[in-house]
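Topology and contacts: notes
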Amino acid sequence: MKNILIAIRSIFKKGRHNVMKIVSLGIGLAVGLVLIAKVYFEQSYDDFYPDRDRVYQVWAKYQQNGGELKDYPQTSGGIAPTMQQQIPEIETVTRYTSFGDWTFTMTDTKMKYSGRCIIADSCFFDILPRTMTIGGVFEEVPENSHSRYDVIVSMASAGRFMWEGSPTNMLGNDRYISYVKLHKGVNPLALEEQVRTFVNSYFPPEEQQKVGLSIDFSFHKLDNLHKELPQVKRMTWILSLLAFALIFTAVMNYILIVISSIVNRSKEVAVHKCYGASENNIHGMMFGEALVHIVLSLILALLLILAFRGTVEELLATSLDSLLLSNGSLVLLGICILVFFVSGFMPGSLYARIPVASAFRNYRENKRIWKKALLLVQFVATGFLVTMLVFVARQYTFMVNDRPGYAYENLAYCGLAGVDSTSRAKILDEVMRLPGVAAATTVYQLPFEHASGNNILLPGGTQELFNIADLYWVGNGYLDMMEIPVIQGRSFTENVTNSREVMVDRRFVEKMKLVAGWTDDVVGKDICVTEHSKWNEEPFTICGVYENIRLGGISNQDMRPSVLFYAHKPMYTLQVKFHELTNDNMARLQQKISETFPDRELSAISFRSEIMDLYKDSRQFRDSVMIGGLVTLLVTLIGLIGYTNDEVSRRRKEIAVRRVNGATLWDILRLFIKDIGYICIYAVILGGGIAYFVLQKWQEQFTEKVPLSWYIFLGCGVCVLLIIYSVVCLDARKTANDNPVNCLKSE
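Residues numbered from 1 in each chain as written. Predicted model: local features only at pLDDT ≥ 70, side-chain atom pairs only at ≥ 80, totals over all residues. Heavy atoms only, no water.

**Re the environment of D558**
With respect to the helices and strands, the residue D558 is situated in the loop between strand 15 (540-546) and strand 16 (562-566). Taking the C-alpha atoms as reference points, D558 and F448, separated by 110 residues in sequence, lie 9.6 Å from one another. The residues contacting D558, other than those within four sequence positions of it, are A451, A469 and L551. Here R560 takes part through its side chain, which lies 2.7 Å from a polar atom of the side chain of D558. (Helix = DSSP H or I, 4+ residues; strand = E, 2+ residues; numbered from the N terminus. Contact = heavy atoms within 4.5 Å. Polar contact = N/O pair within 3.5 Å; in protein donor to acceptor, adjacent residues only side chain to side chain.)

**Describing the packing of helix 14 (residues 421-432) against helix 17 (residues 583-596)**
Relative orientation of the contacting elements helix 14 and helix 17 amounts to 145°, with a least axis distance of 10 Å. In the packing of helix 14 onto helix 17, the handedness of the crossing is right-handed. Of the residues in helix 17, those in contact with K426, I427, E430 and V431 of helix 14 are L589, K592, I593 and T596. When grouped by side-chain class, the residues that make up the contact of helix 14 with helix 17 number 4 nonpolar, 1 polar and 3 charged. (Axes fitted to C-alpha atoms, helices over the stretch in contact; angles between N-to-C directions. Left-handed = near helix turned anticlockwise from the far one by under 90°. Nonpolar A, V, L, I, M, F, W, Y, C, P; charged D, E, K, R; others polar.)

**Focus: the pairing of strand 13 (residues 501-505)**
Burial of strand 13 is extensive: 5 of the 5 residues sit out of reach of the surface. Judged by which residues are buried, strand 13 turns out to be covered on both faces: E501, M503 and D505 on one side and V502 and V504 on the other are all buried. With 5 bridges joining them, strand 13 and strand 15 adopt parallel strand pairing. For D505, the partnering residue across the bridge sits in strand 15 and is Y546. Sheet topology note: the strand 13/strand 16 ladder contains 3 bridges and is antiparallel. Across the sheet, V504 pairs through a bridge with V563, a residue of strand 16. (Buried < 20%, exposed > 50% of the residue type's maximum accessible area, 1.4 Å probe, protein only. Pairing = 2+ DSSP bridges.)

**Some thoughts on unusual backbone geometry**
One non-glycine residue, A317, lies in the positive phi region at around 55°. The residue A317 is located in the loop between helix 10 (309-316) and helix 11 (320-324) in this model. Since its relative accessible area comes to 51%, A317 is described here as exposed. For Y472, which is not glycine, the phi dihedral falls at a positive 60°.

**Quick notes on the nonpolar core**
With 122 residues, the main nonpolar core has L242, M388, Y406, L564, F607 and L640 as its most contacted residues. Look past the residues within four positions of L564 in its chain and what remains in contact with it is L471, Y472, V474, Y478, L479, F492, V502, M503 and Y546. (Core = buried A, V, L, I, M, F, W, Y, C linked by side-chain atoms within 4.5 Å.)

**Here's the deal with the pattern of salt bridges**
Throughout the structure, instances matching the rule amount to 32 salt bridges. One salt bridge in this structure joins E483 and R403, with 3.5 Å as the shortest N-O distance. Taken together, the residues E483 in the loop between helix 15 (478-482) and strand 12 (486-489) and R403 in the loop between helix 13 (369-401) and strand 8 (411-415) connect sequence positions 80 residues apart. A residue is classified by how much of its surface remains accessible, and E483, at 40% relative accessible area, is partly exposed. For R403, a relative accessible area of 43% translates into the label partly exposed. One salt bridge in this structure joins K592 and E430, with 3.6 Å as the shortest N-O distance. Here E430 lies in helix 14 and K592 lies in helix 17, a separation of 162 residues in the sequence. Under the relative-accessibility criterion, E430 is labelled partly exposed at 23%. Within the structure, one salt-bridge network assembled from shared partners comprises D429, E430, R433, K592 and E595. (Salt bridge = Lys/Arg side-chain N within 4 Å of Asp/Glu carboxyl O.)

This is the structure:
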């Protein structure tokens, strides 16, 4: 307690740099601890469900014509209930399908509510339970759930929203997320033979071979679903590395400043030893100081986190309560204890070695290996994060400005789900008359949305050749509006009520050359598409080939071939092209939609905002790296200033003698630059090397990447070196310009 009181009284004592230590440590802990909380949060998904060790999600495994075996986390509606009938080790099953965001109107108050809606069966809460409050109101699903929803519609009502046979069909329409709950003590690996028997009984091997399709199913543990995702694994170790770099840099900076004060505090420590203080007493003093400083740093960190709460929650896509008010707080407490131990033990060991004689003569600590080693670590972290920031920013800029194969800059859309065909035709006609509108049409599927799949067959054949991304139906002038070039044949014959034409992309042609032996000229050939061709007896004729477009985003691109069909009847999404997309034009479009549908919550949305939203995760990661890089740079510069001040104080008389002997200002500054020159260069090279390795791993998620050019690494390193050298020169300049007499008059 005595050591703590002494530490509190000496917070503002001159020469201790305590405020500098507390501020730099507080900033580093604020960012580092938040990142660690995010990592823990990502690893805690679904840990609140009881019996989670017995709950598994059912994945379908498909292989077409000996191609790649692919896992899908969805099944057909009838798979899970039929599995329960066939496999006695399964205690119960459930499944649901998502229907996106819905707006509900209360019949009594007419108030509107929006929420994520799913259609689920009656066993849903038996496997994924939520506490019921009153009536049909259930407790909100926690943020760390792999599946979040606000409204559940009964599976018995499914026929009102989709095909009536959807909940019970065994093949195709695989839109359901299915779960099984096993009896206690059952190992899912022991069920492989029974699953295979189940598959063979409903999908006989000879039938699979006939259609060229291999089917299987696998079980995936509930609490591993999220953390086993490749993008989550990648994000976890990168954020862990960033958090380690920040906290380690902040702690090393704290120790560096403490060690840099050893010359000024040598007499104080020596006097304590003269009065009988042992090494344990000196350690106690340093631990007391560390405790006070860390508590103040944590208070500062908490204030910073609360002050920038909105920014933190936006960057990490998680509420602050979920990050900090959970079991993860115990992890953060453990890290703080470790920081306290390191911050007290290392300086205490060095201070305990100060000789008693320092009370009677000047102590000149000349072993700077500790300080230079600490600086090296901070420079490495700075070089790493600055280089990371530059390349992450370049990748994000490339993605949001890259052309995906269609022109989206002047496009907007509005979803018309639930609007009847007559009203859809009316709004299409009204929008066409708006000033500033160049064209308008309706579509079923937008290119950046997830595309459903169907299979391709040849007319009269039974073998399914491959799976395609089905973009379904488009209206008049779609390809011209999107500026998608037709590279072979022509576009659709428009204004026909029953079109049997289909358009395919370049990937489709390449795929048919491989699996069916087609040539480049595919116009006029017939194909059958499941869901569109009943019993494979209603073929479609290819009228044209369009250039490949990107489906989804660069980070989640759908590489399947795609097809388009024509529909004369207006579809469920209104698509508008402006001569120039301005706020006024968007306002006029929104006003027209609201006037036409006053009882519906329909919004006009620009394509560009949706494209940018595709890369929201990358933008958040860029901003996180930027904040981490700036904080690390700031903390490193604070430590560098402390180190330089110590060196200037230690070598003050040497500088004065050199000035008397004719040394110029540049000669003096060069002493300090040379002192840390090699350390800086080695550190920046090492930091750049680590950044290169991390960037390679990070870019694995993108189908298109910015090159990791060597000259940008060089430029980042040079910038870091210039900043470091500039700070050293500015800090040492005042002493170098002092009158030498002031330093030597005491000799």
